[in-house]
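# Summary of the model geometry
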Amino acid sequence: MKLELRGITKRFGSLVANDHIDLVVEPGEIHCLLGENGAGKSTLMNVLYGLYQAEEGDILLDDSVQHFEGPGDAMRAGIGMVHQHFMLIPVFTVAENVMLGHEETKAGGRLNLDAARARVREISARFGFDVDPDALVGDLPVGIQQRVEIIKALSRDASVLVFDEPTAVLTPQETDELMTIMRQLKSEGTSIVFITHKLREVREVADRITVVRLGKIVGEASPTASNSELAALMVGRNVELTVHKEPARPGAASLVVEHLDVIDANGIKVVNDVSFEVHEGEILAIAGVQGNGQTELTEAILGIQPRTNGSISLNGTRLNGQSVKKVLNAGVGFVPEDRTHDGLVGEFTIAENLMLDRSDQQPFVKGGTLQLKALNDFAEEKKREFDIRAESITTHAGRLSGGNQQKVVLARELSRELKLFVASQPTRGIDVGSIEFVHKRMVETRDAGVPVIVVSTELDEVVALADRIAVMYRGSIVGIVPGDTPRDVLGLMMAGETGVAA
Amino acid sequence: MSVTTPNTPHETVDPVDDGLEKAVVKKWKAPIAFAIFVIISALLFFVARRDGVTELRLSAENDAIKLPSIEAPVMATGIVVVILLALMTAGAFWLANQAKRIPLWLTAVFGIVFMYGFLTWAGADKSIPITGLLLGSVALSAPLIFGALGGVISERVGVVNVAIEGQLLAGAFLSAFVASITRNPFAGLLAAIVAGVLVSFVLAAFAIKYLVDQVIVGVVLNVLVAGLTSFLYSTVLSSNTEAFNTPPRLPRIPIPLLSDIPILGRVLFDQTIIIYLMYIAIALVFYGLFFTKWGLRLRAVGEHPQAADTVGIRVNSTRFWNVSIAGAIAGLGGAYFTLGSVGGFTKEMTAGAGFIALAAVIFGRWDPIRATLAALLFGFATNLQNTLGAIGSGVPSEFLLMLPYLVTIFAVAGLVGQVRGPAASGKPYIKS
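Every chain's residues receive numbers from 1 upward, in the order its sequence appears when written. Both sets of labels track the order of writing: A upward for chains, 1 upward for ligands. Given that the model is predicted, a residue must reach a pLDDT of at least 70 before its local features are reported, and side-chain atom pairs must reach 80 or more before they are shown or counted; all residues, however, enter totals for whole chains, interfaces and linings.

Under an unreviewed UniProt entry, chain B has the name Nucleoside ABC transporter membrane protein and belongs to Okibacterium fritillariae. UniProt, in the comment section headed Subcellular location (unreviewed entry), describes chain B in these words: "Cell membrane". UniProt positions are given in the numbering used here, feature names are shortened, and annotations may be inferred rather than shown by experiment.

Going by an unreviewed UniProt entry, chain A carries the name Nucleoside ABC transporter ATP-binding protein and comes from Okibacterium fritillariae. Check the Subcellular location (unreviewed entry) section of the UniProt entry for chain A; it says "Cell membrane".

Below is the structure:
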């Protein structure tokens, strides 16, 4: 089916998320929508899917204008979507998820689960998926969950399929498999819209590329364009794709983790017998697909995981079993994975957020009273130093863009005297300019002789920053390899293959 | 305590092994609770010692099939009970040390043995009517069960229903009033349903449309209904009790054959239509929730409303109508107070039953069958207090009054532990 968007405009208050966007997707074409986080790609697709209503513009399928009141209408018209955050119900089985919304019933209103199972098996067989219709979705690895999303869309006979940032949660190998699936869908005549900000993937699979920036289409590109051309188009200026750093000059081992287990509320070892050390003046990147224990590992270092075995020590002092405050006072700086939930208080001002970790001590508090003068001076200085783009230091942190929020977190964490710096997904969801800034600051921190841990699921980031790379899979460290290890080796390690590192 | 997510009934297995190693975690809560009960029974039998023989009557005068009574000598029974309980406790400790789960049947047997011992002790030299005890339990459980079913539906669809109390009270009031003026108890039943739905409408409108915190709306509604019914009771109902507050009672309808089964026959099958409606409601809610399109969509909305929205389910209207259904069921439970048992409305006559029903929802892990069993347990505890008071067992009445609430606290805090309710329960769905 041919999809055409004409002059779509979508506003949120004063913000124009989509500004007169025109897009044509031919049948059997993989059309890439390339743009930075916040460029308006997902908004556009949510308009197409009926989740949002556009203020202006038309959606046309095979040249006839459509009116979608909700996703139900869009699906009936043949549009399917694989969402970035899977729209699956974790406590339902695969079959239940697939049938939801268009259930078949038998006598007595009883759900016809057999029909749904058969449908799942049939589509699985067509694409060579190995999906058990009776498995609970919450128990499946994310790669398989994504296939359930694809099955869900196909079971409704979608002829236009939208993939919204589908590779964010996948290993490199799973990404390759997804590309194969997309090509197969294309050969069956499905039109595919592929939303991403990853240049490599775009060039590999796209037939046509449309670049979106700040809610507007800024141009088309051919899949043969180079990375730097695409990046320049996407960001609007020339960007450095590599991080400049001198070779590391590692000092003594500073953070030593030995036989660390982290046990979750269900008694499962989410981190299992992990040992490593980080030296002064080096960056250890922890690579791995989301959900393989990285989050819990960093939280254990900070002391917010209640049940741990083994030991974590910093310069000879034991950290685990200590209160978070003692850990912070020992000189640990921590950038949490989810800045809006764990890194900031959205309703507080920038200045207030900058003093959160020192709310009980000089210079910001004296005799139980806030020292507003000291705080304001400090905040003004940090706002300049970290290039936080906001009206003033009294702007609420929740109103800042992702990149500026992250700069606030960084400013807070880096303005103490650090003995260890831990950053979890430091550049997730932020613009390229901010990414450059964050990377630069991290390298500077390293060069100042601080041991740095970076957790990242983006291989690009890992390779750009790391002096050494530890790959985690299912709670364990598969191996620790030098920073210049080839990507395909890292990819295999992320899928749990041991022995490739040797 | 193990944690299983409430889901379809065939899913009671452990969280599926996804290959990650499980840490050996020993859980001592259950065996320690067992040990406390052993100590309590030992104290009762050997310190607060009582002698004599207790008669446990299994049949009433007019039963078709008569069973002989059990004559239990208190001391001998005490020794046997304490030994049995101690053995089971030892078993529980052994299981816990092996990091195994205490099977439910063990807890059930433990509870029954303890209860047998307690009854024997409490009824020393007296005669305890077992049939009456159970009959009363069902009676007292009925509003709790209706309330809990309403709670299960409402929470499963994503709206926390603290207003069960208000729905019960409104149902009780309106059914008494309507049944009195129409002289027709069935009109009263209908009125109870309407009352429950009306309370639900307010809850749903504020919680879903205006996004007010659901717990706060619920609490305020309870206070509102209590105030409103009390006011109308003093002004309207009391002005002419004869005309406005003497509802005809529903007749008992014995089911042939079934009602002749010893002990349980009279308890379960010689009841008013409300109880039979209750059986139907339990079955329908269970079947509907887990085996029909209605239930699948309802649960989807309560777990992940956005996912439901993306497959074309209208989240807020699903919530609205199901909260209304929940109100209808809870309202029907209210009718039991006036048409099924007491026969007339009095101020705040529900006396916290709605909150116990809420506890039953959680204790029953948002599952209609388990919630029903939990409600039965609470009903039994309440009636035990009544029965022991009536036979004059000499156990301090203050202690007995405490009993149902003690059971509630222990059940919810101790036995349930950490459970996971519907993921989106209590969270309004705001579509951007």
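Think of it this way: any DSSP run of H or I at least four residues long counts as a helix, any run of E at least two long counts as a strand, and we number them from the N terminus. Secondary structure assignment for chain A yields 17 helices and 22 strands. Its C-alpha atoms give chain A a radius of gyration of 24 Å, within 12% of the compact-globule value 23 Å for 502 residues. Seen along its three principal axes, the alpha-carbon backbone of chain A occupies a region of about 70 × 50 × 50 Å. Whether a residue is buried, exposed or partly exposed follows from its count of other C-beta atoms within 10 Å of its own C-beta, namely 20 or more, 12 or fewer, or something in between, respectively; the C-beta atoms are built from the backbone. Burial status across chain A gives 48% buried among its 502 residues. For the radius of gyration, the atoms used are the C-alpha atoms, and the globule rule reads 2.2 Å times the number of residues raised to 0.38.

This brings us to the environment of Gly109(A). Mapped onto the fold, Gly109(A) is located in the loop between helix H3 (94-99) and helix H4 (113-127). Sequence separation between Gly109(A) and Gly138(A) is 29 residues; the distance between their C-alpha atoms is 27 Å. Contact definition: two residues whose C-beta atoms, as placed from backbone geometry, lie within 7 Å. With near-sequence residues (within four places) excluded, Gly109(A) lies in contact with Thr292(B) and Lys293(B).

This brings us to the domain arrangement of chain B. Many authors give the size of an interface as the accessible area that is lost as the parts come together. All names here are of chain B. Domains assigned within chain B are domain 1 (29-125) and domain 2 (131-416). Distance from the C-alpha centre of domain 1 to the C-alpha centre of domain 2: 31 Å. In this complex, domain 1 contributes 11 residues to the contact, which on the side of domain 2 involves 10 residues. Under the convention adopted here, Pro, Cys and the residues Ala, Val, Leu, Ile, Met, Phe, Trp and Tyr are nonpolar, Asp, Glu, Lys and Arg are charged, and Gly plus all remaining residues are polar. By residue class, the composition of the side of domain 1 that touches domain 2 is 7 nonpolar, 2 polar and 2 charged. Where each domain begins and ends follows an automated or database-derived domain assignment.

For the rest of this paragraph, the subject is the interface of chain B and chain A. If you look at the interface, chain B gives 28 residues, while chain A gives 32 residues. Its residues placed into classes, the side of chain B that touches chain A shows 12 nonpolar, 10 polar and 6 charged.

Residue and element names in this part refer to chain A. Parsing chain A into structural domains produces domain 1 (3-235), domain 2 (252-331 + 417-495) and domain 3 (345-410). At the interface, 10 residues of domain 2 touch 7 residues of domain 3. At 5 residues, helix H15 (residues 432-447) tops the list of elements feeding residues into the side of domain 2 that touches domain 3. The residue makeup of the side of domain 2 that touches domain 3, split by class, is 5 nonpolar, 3 polar and 2 charged.

Right, let's talk about the UniProt feature "domain: ABC transporter" (unreviewed entry) in chain A for a bit. Under the present numbering, the feature "domain: ABC transporter" (unreviewed entry) in UniProt falls on residues 3-239 and 255-499 of chain A. A helix fraction of 34% and a strand fraction of 27% characterise residues 3-239 of chain A, whose end C-alpha atoms lie 33 Å from each other.

Turning to the nonpolar core, a few remarks are in order. For our purposes the nonpolar core covers buried Ala, Val, Leu, Ile, Met, Phe, Trp, Tyr and Cys residues that link as a set through C-beta atoms within 7 Å. Leu48(A), Phe194(A), Ala285(A), Val471(A), Ala148(B), Ala357(B) and Ala360(B) are the most contacted members of the largest nonpolar core, which has 263 residues in total. Sort the elements by how many residues they give to this core and helix H13 (residues 315-341) of chain B lands first, with 13 residues. Residues contacting Val471(A), with those up to four places away along its chain left out, are Ala287(A), Gly288(A), Ile477(A), Val478(A), Gly479(A), Leu490(A), Met493(A) and Met494(A).

The next thing to look at is the sheet that holds strand E14 (residues 308-314) of chain A. The strands that make up a sheet pair up through hydrogen bonds in the backbone, lying either parallel or antiparallel. Residues and elements named next belong to chain A. Any two strands with at least two DSSP-identified bridges between them are counted as paired. Taken in spatial order, the 4 strands line up as E12-E11-E14-E15 in an open sheet, and their pairing is antiparallel. The open sheet is flanked by strand E12 (269-279) and strand E15 (317-318), the only strands paired with a single partner. Where strand E11 (residues 253-263) and E14 come together, 6 bridges link them in antiparallel fashion. Across the sheet, valine 262 pairs through a bridge with threonine 308, a residue of E14. This element, helix H9 (residues 294-302), spans E11, E12 and E14 of the sheet and lies at about 65° to E12. The axes are straight lines fitted to the C-alpha atoms, using for helices just the contacting stretch, and the angles between their N-to-C directions are given from 0 to 180°.

Here we take up the packing of helix H10 (residues 273-291) of chain B against helix H15 (residues 368-391) of chain B. All names here are of chain B. Where H10 meets H15, the closest approach of the two axes is 9 Å, and the angle between their N-to-C directions is 150°. It follows from the interaxial angle that H10 and H15 lie roughly antiparallel. Residue-level contacts link Ile282, Val285, Phe286 and Leu289 of H10 to Pro368, Ile369 and Thr372 of H15. Grouping the constituent residues of the contact of H10 with H15 by class yields 6 nonpolar, 1 polar and no charged. Throughout this description, any angle smaller than 35 degrees is read as roughly parallel, any larger than 145 degrees as roughly antiparallel, any in the 65 to 115 degree range as roughly perpendicular, and the remainder as oblique.

To continue, consider the environment of Leu375(A). As for its placement among the helices and strands, Leu375(A) is situated in helix H13 (residues 372-385). The residues touching Leu375(A), leaving out its near neighbours within four places in the chain, are Ala351(A), Met355(A), Phe364(A) and Leu370(A).

Glancing now at the packing of helix H2 (residues 74-97) of chain B against helix H3 (residues 104-122) of chain B. For any two helices packed against each other, one specifies the crossing angle of their axes together with the interaxial distance. Residues and elements named next belong to chain B. One can describe the packing of H2 onto H3 by two numbers: an axis separation of 9 Å at closest approach and a directional angle of 160°. It follows from the interaxial angle that H2 and H3 lie roughly antiparallel. At the point where H2 passes H3, the crossing takes the left-handed sense. Counting all contacts with H2, which are made through Val74, Thr77, Gly78, Val81, Leu84, Leu85, Met88, Gly91 and Ala92, the residues of H3 involved are Leu106, Val109, Phe110, Val113, Phe114, Tyr116, Gly117, Thr120 and Trp121. For the contact of H2 with H3, the residue count by class is 13 nonpolar, 5 polar and no charged. Handedness of a crossing is defined here by the sense of rotation of the near helix relative to the far one, left-handed for an anticlockwise turn of less than a right angle and right-handed for a clockwise turn.

Before going further, it helps to examine H2(B). Residues and elements named next belong to chain B. Take the residue count of a helix, subtract one, and multiply by 1.5 Å to get its expected span. Under the 1.5 Å per step criterion, the end-to-end length of H2 is 34 Å for 24 residues, consistent within 8% with the ideal 34 Å. Three or more residues of H2 are buried, namely Val74, Gly78, Val81, Val82, Leu85, Met88, Thr89 and Ala92. Buried residues along H2 sit in contact with helix H1 (29-47), strand E1 (53-57), strand E2 (70-73) and H3. Alanine 99 sits one or two residues past H2 and shows a positive phi near 55°.

Further remarks concern unusual backbone geometry. All names here are of chain B. Positive phi outside glycine occurs at arginine 183, with the angle close to 55°. Tracing the backbone shows arginine 183 in the loop between helix H5 (164-182) and helix H6 (185-209). Assessed through the 12 C-beta atoms surrounding it within 10 Å, arginine 183 is described here as exposed. We note that glutamate 348 has phi near 40°; this positive angle belongs to a residue other than glycine. As for its placement among the helices and strands, glutamate 348 is situated in the loop between H13 and helix H14 (353-363).

Moving on, we get to the sheet that holds strand E22 (residues 476-482) of chain A. All names here are of chain A. Spatial strand order, E16-E19-E20-E13-E21-E22: 6 strands in an open sheet with mixed pairing. Two strands close off the open sheet at either side, each with one partner strand: strand E16 (332-335) and E22. On average, each strand axis in the sheet is tilted by 15° relative to the strand beside it, whichever way the strands run. Bridge count for strand E13 (residues 283-287) against strand E21 (residues 468-473) is 4 bridges, and the pairing is parallel. By the bridge assignment for E21, alanine 285 is matched with isoleucine 469.

Another point: helix H1 (residues 41-48) of chain A. Residue and element names in this part refer to chain A. Most of H1 is tucked away, with 8 of its 8 residues classed as buried. Where H1 is concerned, the buried positions are Lys41, Ser42, Thr43, Leu44, Met45, Asn46, Val47 and Leu48. Two residues or fewer after H1 comes glycine 50, characterised by a positive phi angle close to 85°.

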